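Observations on the model geometry
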Amino acid sequence: MATLPSAERRAFALKINRYSSAEIRKQFTLPPNLGQYHRQSISTSGFPSLQLPQFYDPVEPVDFEGLLMTHLNSLDVQLAQELGDFTDDDLDVVFTPKECRTLQPALPEEGVELDPHVRDCVQTYIREWLIVNRKNQGSPEICGFKKTGSRKDFHKTLPKQTFESETLECSEPAAQAGPRRLNVLCDVSGKGPVTACDFDLRSLQPDKRLENLLQQVSAEDFEKQNEEARRTNRQAELFALYPSVDEEDAVEIRPVPECPKEHLGNRILVKLLTLKFEIEIEPLFASIALYDVKERKKISENFHCDLNSDQFKGFLRAHTPSVATSSQARSAVFSVTYPSSDIYLVVKIEKVLQQGEIGDCAEPYMIIKESDGGKSKEKIEKLKLQAESFCQRLGKYRMPFAWAPISLSSFFNVSTLEREVTDVDSVVGRSSVGERRTLAQSRRLSERALSLEENGVGSNFKTSTLSVSSFFKQEGDRLSDEDLFKFLADYKRSSSLQRRVKSIPGLLRLEISTAPEIINCCLTPEMLPMKPFPENRTRPHKEILEFPTREVYVPHTVYRNLLYVYPQRLNFVNKLASARNITIKIQFMCGEDASNAMPVIFGKSNGPEFLQEVYTAVTYHNKSPDFYEEVKIKLPAKLTVNHHLLFTFYHISCQQKQGASVESLLGYSWLPILLNERLQTGSYCLPVALEKLPPNYSMHSAEKVPLQNPPIKWAEGHKGVFNIEVQAVSSVHTQDNHLEKFFTLCHSLESQVTFPIRVLDQKISETALEHELKLSIICLNSSRLEPLVLFLHLVLDKLFQLSVQPMVIAGQTANFSQFAFESVVAIANSLHNSKDLSKDQHGRNCLLASYVHYVFRLPEVQRDVPKSGAPTALPDPRSYHTYGRTSAAAVSSKLLQARVMSSSNPDLAGTHAAADEEVKNIMSSKIADRNCSRMSYYCSGNSDVPGSTAAPRPASKKHFHEELALQMVVSTGMVRETVFKYAWFFFELLVKSMAQHVHNMDKRDSFRRTRFSDRFMDDITTIVNVVTSEIAALLVKAQKENEQAEKMNISLAFFLYDLLSLMDRGFVFNLIRHYCNQHIPHVCAMDIPQTCWFTLIPGAFTDTVISKVQRKAVSAIHSLLSSHDLDPRCVKPEVKVKIAAFYLPLVGIILDALPQLCDFTVADTRRYRTSGSDEEQEGAGAINQNVALAIAGNNFNLKTSGIVLSSLPYKQYNMLNADTTRNLMICFLWIMKNADQSLIRKWIADLPSMQLNRILDLLFICVLCFEYKGKQSSDKVSTQVLQKSRDVKARLEEALLRGEGARGEMMRRRAPGNDRFPGLNENLRWKKEQTHWRQANEKLDKTKAELDQEALISGNLATEAHLIILDMQENIIQASSALDCKDSLLGGVLRVLVNSLNCDQSTTYLTHCFATLRALIAKFGDLLFEEEVEQCFDLCHQVLHHCSSSMDVTRSQACATLYLLMRFSFGATSNFARVKMQVTMSLASLVGRAPDFNEEHLRRSLRTILAYSEEDTAMQMTPFPTQVEELLCNLNSILYDTVKMREFQEDPEMLMDLMYRIAKSYQASPDLRLTWLQNMAEKHTKKKCYTEAAMCLVHAAALVAEYLSMLEDHSYLPVGSVSFQNISSNVLEESVVSDDTLSPDEDGVCAGQYFTESGLVGLLEQAAELFSTGGLYETVNEVYKLVIPILEAHREFRKLTLTHSKLQRAFDSILNKDHKRMFGTYFRVGFFGSKFGDLDEQEFVYKEPAITKLPEISHRLEAFYGQCFGAEFVEVIKDSTPVDKTKLDPNKAYIQITFVEPYFDEYEMKDRVTYFEKNFDLRRFMYTTPFTLEGRPRGELHEQYRRNTVLTTMHAFPYIKTRISVIQKEEFVLTPIEVAIEDMKKKTLQLAVAINQEPPDPKMLQMVLQGSVGATVNQGPLEVAQVFLAEIPADPKLYRHHNKLRLCFKEFIMRCGEAVEKNKRLITADQREYQQELRKNYNKLKENLRPMIERKIPELYKPIFRVESQKRDSFHRSSFRKCETQLSQGS
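What counts as what
Residues numbered from 1 in each chain as written. Predicted model: local features only at pLDDT ≥ 70, side-chain atom pairs only at ≥ 80, totals over all residues. Heavy atoms only, no water. 1 Å grid on protein atoms, 1.4 Å probe; cavity = no way out; pocket = protein on both sides within 12 Å on 5 of 7 lines; lining within 4 Å. Points joined across faces, edges and corners; volume = space filled by probe spheres on them. Helix = DSSP H or I, 4+ residues; strand = E, 2+ residues; numbered from the N terminus. Nonpolar A, V, L, I, M, F, W, Y, C, P; charged D, E, K, R; others polar. Buried < 20%, exposed > 50% of the residue type's maximum accessible area, 1.4 Å probe, protein only. Contact = heavy atoms within 4.5 Å. Patch = residues over 30% accessible without salt bridge, like charges linked within 9 Å, V, L, I, M, F, W, Y side chains within 5 Å. Areas by Shrake-Rupley, 256 points an atom, 1.4 Å probe, with all protein chains shown as cover. Salt bridge = Lys/Arg side-chain N within 4 Å of Asp/Glu carboxyl O. Lys, Arg positive; Asp, Glu negative; His and termini not counted. Charge placed at Lys NZ, Arg CZ, Asp CG, Glu CD. Axes fitted to C-alpha atoms, helices over the stretch in contact; angles between N-to-C directions. Left-handed = near helix turned anticlockwise from the far one by under 90°. Core = buried A, V, L, I, M, F, W, Y, C linked by side-chain atoms within 4.5 Å. Disulfide = S-S within 2.5 Å. pLDDT = per-residue confidence, 0-100. Phe/Tyr/Trp six-rings, centres within 6.5 Å; stacked < 30°, edge-to-face > 60°. Lys NZ or Arg CZ within 6 Å of the ring centre and 35° of its normal.

Here the focus is empty space enclosed by the protein. Approximately 200 Å³ is the volume found for the largest cavity. For the largest cavity, the lining is made up of 17 residues, of which Asn302, His304, Phe602, Gly603 and Lys632 are closest to its centre. Of all the elements in the fold, those that place two or more residues in the lining of the largest cavity are strand S6 (303-305), strand S13 (541-543), strand S16 (601-602) and strand S19 (631-634). Partitioned by chemical class, the residues of the lining of the largest cavity number eight nonpolar, three polar and six charged.

Structural data, given as structure tokens:
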């Protein structure tokens, strides 16, 4: 361009089109007085002529605020309302009270001045949430429509749509209620259907007729009436009926984070019911806790429970001053965050201290039984008195007694946890099921707090009562937790523990169950009552605090301050002898005086709630006892140096001595609570002082007490002898050095403190304060992740406070903004990088998301606080300093590196000291360049914009949003990188702070232009530009970066979206424009409403790599339209018209994307095909450039220009899945519903026919898309489940049918313009299963009411969607009336209408659909009957189907339509033979196939049609009424056949016989015969008889071939049925049709789609598929021999390729599966008895599936006929002997069933070589019956005869039915020796087969050989030889048989020898002995047989007469036969 001279450049520029999409859009959306264009209607001719440029930049956005300001006053009210609705802010700042589980929030004790840190903590925990609500933003649900509450009410406004499928479901159970009696006695031997109307139609009552049907109305009026009817009672909001988009796809839905809550794991409720031992003599005390053996950790605090009777409680009354209700709990709620099979509930039992070892005290419990009576009773009383005295004296001391472990592995099923963790992963983060599941979001996968319902416990975890019947005795020297874990590990491994440790018999009964969400009368671990807490409940439940095995990353939200003290071990071995029964008194002291003991120790059971002291249990006579106590202390909120734990050690005297005290003091120890102002926790080994402690002892730790005077006397010379562990569970004490230091320094700034201040072990002066605080800010992220997360809310609040708080320290201005900002960045980085923390679907850290959403609020800026005693001068109020780019660079990268090294990976223990050094180095470099930064300042008294009227702001006040934006802009290096990587967090902080800023502003200052300073807006521009560039840079990198770019992109989108609610919208539009300029080339989907989606969708569709973008693009369009549709501001139709106009270009894009839409009919790789040339097909699939560029402007210029953006062939496109297609289709329908209908019609009129056909294809897809699925499947199934189940279904169907339906290819339309979707009609009967395949478990959690509600909504959706489709078709019909292409369009419209009738439709839709059909018939009758023959057939079929509807409304509509169809066809041709034939064929097809077909309803419909013809006065003078009556009579007779078929519905063979006879009766009517053959094929396919189904189609093809051969003589066509002989010899029966019976020229005869060459090919191809499924691969070859010549003649090379590949597969299958194939099994079935009617004495051969056993068919037939006649009247004859009918009971039905085998003569066997040939074309079968002459079936070998019966059937198997009658029977009797010959031949043959098998099968060979020569069966062959060969028979007639048997044995023994040799070559080394045994047996058998084999009958070898040597005349030689006769004569 630069090279052009300026004049040319100008000329060129003049040619550039200046129209932009915004300008074009204005023409439609803005009113005349607002647009800069003239008033110009849409239909003006000038507008469509706009030529859009190929590429152009997004337009300069309109000055939105300026437009409103200038034009708002001049607008009328209505328009102002429409346009100005956006002027109100839609962000609303609300304060929401926190949900509190307790009646009162947990607070520190009253009356105490709190530390600033504690005060801040408490304030954070109790203050309200601050939430910014969005009124109109977000998903459609936000519009207040689909919210749970209002959605419930919405369905009440919907009308109930009636679907026939549901009325049928209701009526079926009633119909099946009665007993089923089958009638099998119908005489079905008639030659054909009954010709007379057996059911007189006129005797029936007709349905109500439609008014005005027969009146003459013009087509235009007819259409107008229909349109008015359709427009009434329509659903206004389409999207209200449509389920919302899957959240994964809904990019613009920002998940609302879970509200921060107190952590609760899996909760179980444990109730202690009873505790009893064999004897009850004293009070016992139980405590329970959970232990994890694997982790070796106690995972809960103790729960103390007192189950004693009142009598035993009385023993202790002296030691129980009061009993708090809270101490009487007997049930506890335990929480387990990390369930495991290693968790045990351990019950410990204690008793009151008494004299004696534990074993001695336990002995009475083990040896005495209360039930023994007598002396035992006396002993018990004595023991009870003894116990009572101990209780009175030592009642406050305890001793260990017993314990019992209870495994919880059955409750926490780990295998289930692992299995379901993936499911939970998909749920977590998006569901708000309850508190338990909520917390799972904040933890890693392996430790998700699966709720009991999720981990498999909920479903199987019923309330279970456990009984513990024996307890382990405690051992005094093994009481520690370490010992306990060893015990538990042993216990888990084996039962040896029971043998090693003495057990005490007893009974503890507990009840364990899942704890409900809400428990009445429950106390928290701090004893606070929880909601609900009724007043009158006496015994509460207690929540037990959990000590999780691993970290739990959930921020603190409640005040909790507990301390747990665990005394562990005391070593007084070297102490005086008096220290034996040792107890420790533990006290929490606030001073050193005895009165300073604080009542903060939680009491145990049955006593006060809080105690001042507690005593450990005593181990009798043990100087170094172990302790297992847990002392729980409520820490005071304000701790001082005086607070300490005091331990006093006593020896307890068990024996009562006169005047002696019970307690003897042994010593003291103590532990200060604070060390350097920090809470002391951990393990300690303390020394014990033996004397009274000196004053001020508590100021020092026991280990470091300074020397005293007099010196303190210590046990063991001041060594540590007392082990103790202290643990805190506190939401106040951080227990982390870095956090501790940070908070301390922060508070030193906020309050007056005296310097130097102590922080941990260092003192900080005032001058060092700034440095140290900055150091602590930088080190914050070095703290451990758990405490950082626990105090996250407070940490972030403090950092944000620091960023805006002006500070003056020691007279110097201190600025912490940049340090605080970088620390926040580092924390965000750590949290995002931690694998332990969960993220939401957009990759946002859940903890940060919930912080921003609920917790964050603007920091409260205090006035400058000088940190010095003397007053200091304030800095210049006009400015404050922040660190700029230079200083940021110095810190950022090192800071981030330090994070990566230390705490982002908690497993790496970085040395913090070294880190601190590094930070100091960074700091020293920073201070130098502190002032060379960019200055950020405020002008006092000035607003952000000069000249505005805003109130002056306080001097020196920073605004958080400005500071944050500034820091984001000036950040560099790694900080900058991290900021933009996790931009979402900073964007949301910005938005929330801006929203609060606007909320806090004076209303006068609320104009958007003046809300924010120019500098801030510059910063925002910079941020957006940088992020945009970052995204662009990442997009060209690897996949991981692409994902990062997507997340940043989503963040930016949400940010801009939010800014539209806060800032000057023109400014935001400019930001969006910049984004679009950057990103349109990258096809990067941006989630901003109404910006650049239209340009993205085509890109998404054409790029195969980004299928995810496709889905998101569609989802975005869907969400936008949904928002418009449900927006209360867009209710008016005129508003929706404008919005729809905006989206019209989408229609063109969808049309171009047609090949990519999911095909809801079949899973076909090539789903879309255009008619026409290859060039057209190539161009059709490509995206048109005009369309791609015409964003929101080119409303109806959607003609494809042929300019191709992509050269990709369409088959390589990304196909859209079903859900995405459905989402896109609902958008298309919404636009079509709401757009200006006149505009639509004009657009249609201008479209070329190819595009119109595409629209029809689109409507066809829509029909299937929104088919009603019924109540059962109305719930929305997730995409994955649906897709998975569809795949399973598709594979199943592939296995069954190889993807072909019964009509298969023939269902594909061949009319011009109708073959674009070859598979659309295919497999229609499978369609419902395909699309309606749901998993049952999806519905289990839905109530019936919910299912009904969803069904109601989905029913209305289906109705509305189909009515929109109908509107579109009416538009096409009206617009195309004047077009030349209306003939091809008519077919397309009809196809869509017929398809919609084929779906389950509501009566509402059907009424309108039939009205449209009638209008179509009236308007295009001639075309319909002449051109659309196939469509007409389908139409007749569907209308007839609806004539049989149970719904009166549907029936009357269908009858009217059918009558009109007949009437107009008669008018068109004066002879409606073709329609008559089509109606008749349709009915025949319907009768044969439709399972829900009802002949009663149809008969009534026929009567209604008859009534119409009688009432039609205009036609009375024509032959029409007579022809109608004749037709109805024929239809009625077909119905008669139907009645018969219904009777035999349960008898498949009889049903097929009947269908066969019906088909036979139509021999003279080829169309109907073909229909019935197809019906039979359909039935066979359902029964999986694929071969028979294929044969039906072969017969149909032969019928077609006969017709074609008569019509035209082509060499490539079959000659007729003769050509089919190789497929089946039965086919010749189709050749009976001759020219006399068939007149192809007669109108309507053989006019169907099958009587064409393509129809013939279709039938044969389908037959081939079915043969292939049935395993008859050889037949496949024969079928294709007929197909290939036809394909060659038509040059169908693509199909030839496919055909040859199928042939190759068939031949491969023959090679691979030959002997593995299993063909049918055959049985002879004879029926005897008058009950069988015609079947009496009939014999059939039944073909059953392979491997059917005789008992199976016997049971089937017996059960079936037992149902018919009663089981007692049916008898199966067990043998196969001839039946003597005279001996049968005449009242019974007898069935004789015999297994038969195919029989061949020897000459036949030469041709039947293969396994297939021996199982195909079978007509003769044989069965054998053994018998003896005496009448017995079995006898000795020499008397065993056999009768062979050969049956011949009427037709050869396989045939078109599975049973064929027997027409001939032959019998042959074999003598005993002939039986022996047969058996030996069979055995020899088995050997030969086994020897010659390739590859050899050693097992088979050995099995056969063993059966021949094995020692056990020698009797077999040897006995046969001994019986028949031992002697030469006396009867010469038997000589030949004798010799034949001898030769059989000779061959048999030879084969045995070969087999032994072969086996020798095959065996392995370990079978040598077996081989030797076989050879030995073989030799033995051979020796035994040799004399018999070698003995010849001399007579057989004698010469017949002397042969003269001189005469050799071969002609005079005699045969053996002559010899035989001579011998017999001689004898």
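Looking now at the environment of Val1923. The residue Val1923 is located in helix H61 (residues 1915-1924) in this model. What makes Val1923 partly exposed here is its relative accessible area of 36%. The sequence separation of Val1923 and Glu1836 amounts to 87 residues, and the corresponding C-alpha distance is 9.8 Å. Ignoring anything within four residues of it in the chain, the contact list for Val1923 reads Leu1837 and His1838.

Here the focus is the environment of Gln1738. As for its placement among the helices and strands, Gln1738 is situated in the loop between strand S33 (1721-1728) and strand S34 (1739-1744). For Gln1738 and Val1725, which are 13 residues apart along the polypeptide, the C-alpha to C-alpha distance reads 8.4 Å. Discounting chain neighbours no more than four positions away, the residues touching Gln1738 are Val1725, Gly1726 and Phe1727.

A contiguous patch of positive charge on the surface is contributed by Lys835, Lys839, Lys981, Lys1040 and Lys1047. When you line up the elements, Lys1040 lands in helix H30 (residues 1039-1059). The exposure class of Lys1040 is exposed, given its relative accessible area of 67%.

Right, let's get into the packing of helix H38 (residues 1218-1234) against helix H40 (residues 1249-1265). Contact geometry for H38 and H40: axes closest at 10 Å, N-to-C directions at 115°. Crossing of H38 over H40 shows left-handed handedness. Contacts between H38 and H40 pair Thr1221, Arg1222, Met1225, Phe1228 and Leu1229 from the former with Leu1258, Leu1259, Ile1261, Cys1262 and Cys1265 from the latter. Tallied by class, the residues present in the contact of H38 with H40 amount to eight nonpolar, one polar and one charged.

Moving on, we come to the pattern of salt bridges. When the charged atoms of two side chains with opposite charge come close together, those side chains can pair. All told, the structure shown has 73 salt bridges when counted by the stated rule. A salt bridge links Lys1788 to Glu1771, with the shortest nitrogen-to-oxygen separation between them at 3.3 Å. Pair noted here: Lys1788 is in the loop between strand S35 (1770-1773) and strand S36 (1789-1798) and Glu1771 is in strand S35, with a separation of 17 residues, a long-range link. A salt bridge links Arg1808 to Glu1804; the shortest N-O distance between them is 3.9 Å. Here Arg1808 and Glu1804 have matching classes, each one buried. Each of Arg230, Arg231, Arg234, Lys1233, Glu1360, Asp1367 and Glu1370 takes part in a single network of salt bridges with overlapping partners.

So, about the nonpolar core. Grouped burial of nonpolar side chains is what soluble globular proteins tend to show. By size, the foremost hydrophobic cluster in this structure holds 218 residues, and its most contacted members are Met1225, Met1232, Leu1483, Phe1620 and Tyr1761. At 15 residues, the largest contribution of residues to this core is made by helix H53 (residues 1586-1607). Apart from residues lying up to four places away in sequence, Met1225 is in contact with Ile1150, Leu1157, Leu1258, Ile1261, Cys1262, Cys1265 and Phe1266. Core analysis: the second largest hydrophobic core is formed by 110 residues, Leu780, Met968, Phe1012 and Ile1072 among them.

The full count for this structure, using the stated rule, is zero disulfides. Cys1262 carries a free sulfur, and the closest cysteine sulfur to it, the one in Cys1265, is 6.1 Å from it.

Okay, the confidence of the model for the protein chain next. Residues of the protein chain with pLDDT of at least 70 account for 74%, and the chain-wide mean is 76. Predicted confidence is poor over residues 1-56, with pLDDT under 50, and the contacts of this stretch with residues over four places away or in other chains come to 66 contacts. Counting contacts from residues 1634-1638, a segment whose pLDDT is below 50, to residues more than four positions away or on other chains yields eight contacts.

This part covers the environment of Ala404. As for its placement among the helices and strands, Ala404 is situated in strand S9 (residues 398-407). In this structure Ala404 comes out as buried when scored by relative accessible area, which is 0%. The sequence separation of Ala404 and Ser503 amounts to 99 residues, and the corresponding C-alpha distance is 9.5 Å.

What follows is about unusual backbone geometry. Cis geometry marks the peptide bond from Lys531 to Pro532; its omega dihedral reads -15°. The residue Pro532 is located in the loop between strand S12 (522-523) and S13 in this model. The omega torsion across Phe1853 and Pro1854 is -5°, close enough to zero to call that bond cis. Residue position: Pro1854 is located in the loop between strand S38 (1841-1853) and strand S39 (1859-1870). In the Ramachandran plot, Asp1817 falls in the positive-phi region, its phi being about 60° despite a non-glycine side chain.

A few words on a negative patch on the surface. Together, Glu278, Glu280, Glu370, Asp372 and Glu381 make up a negatively charged patch on the protein surface. Turning to its location among the elements, Glu280 is positioned in the loop between strand S3 (266-277) and strand S4 (284-292).

Turning our eyes to something else, we now look at the packing of aromatic side chains. The geometry of an aromatic ring pair comes down to the distance between the two centres and the angle between the two planes. This structure, assessed with the given rule, holds 55 aromatic pairs. Taking the centre distance of 5.1 Å and the plane angle of 75° together, the rings of Trp670 and Tyr697 count as edge-to-face. Here Trp670, found in strand S21 (residues 663-672), pairs with Tyr697, found in the loop between strand S24 (682-686) and strand S25 (722-730); they are 27 residues apart in sequence, far enough to count as distant. Of the two residues, Trp670 and Tyr697, neither departs from the other in class, the shared state being buried. Consider the rings of Phe1821 and Phe1853, whose centres lie 5.7 Å apart with planes at 80°: the pair is edge-to-face. Highlighted residues: Phe1821 in strand S37 (residues 1818-1827) and Phe1853 in strand S38, separated in sequence by 32 residues. For Phe1821, a relative accessible area of 0% corresponds to the buried category. Given the relative accessible area of 0%, Phe1853 is considered buried. One aromatic cluster is present, formed by Phe1727, Phe1732, Phe1740, Phe1760, Tyr1761 and Phe1765 through successive ring pairs. In this structure, Arg844 packs its charged tip against the face of Trp984, placed 5.2 Å from the ring centre.

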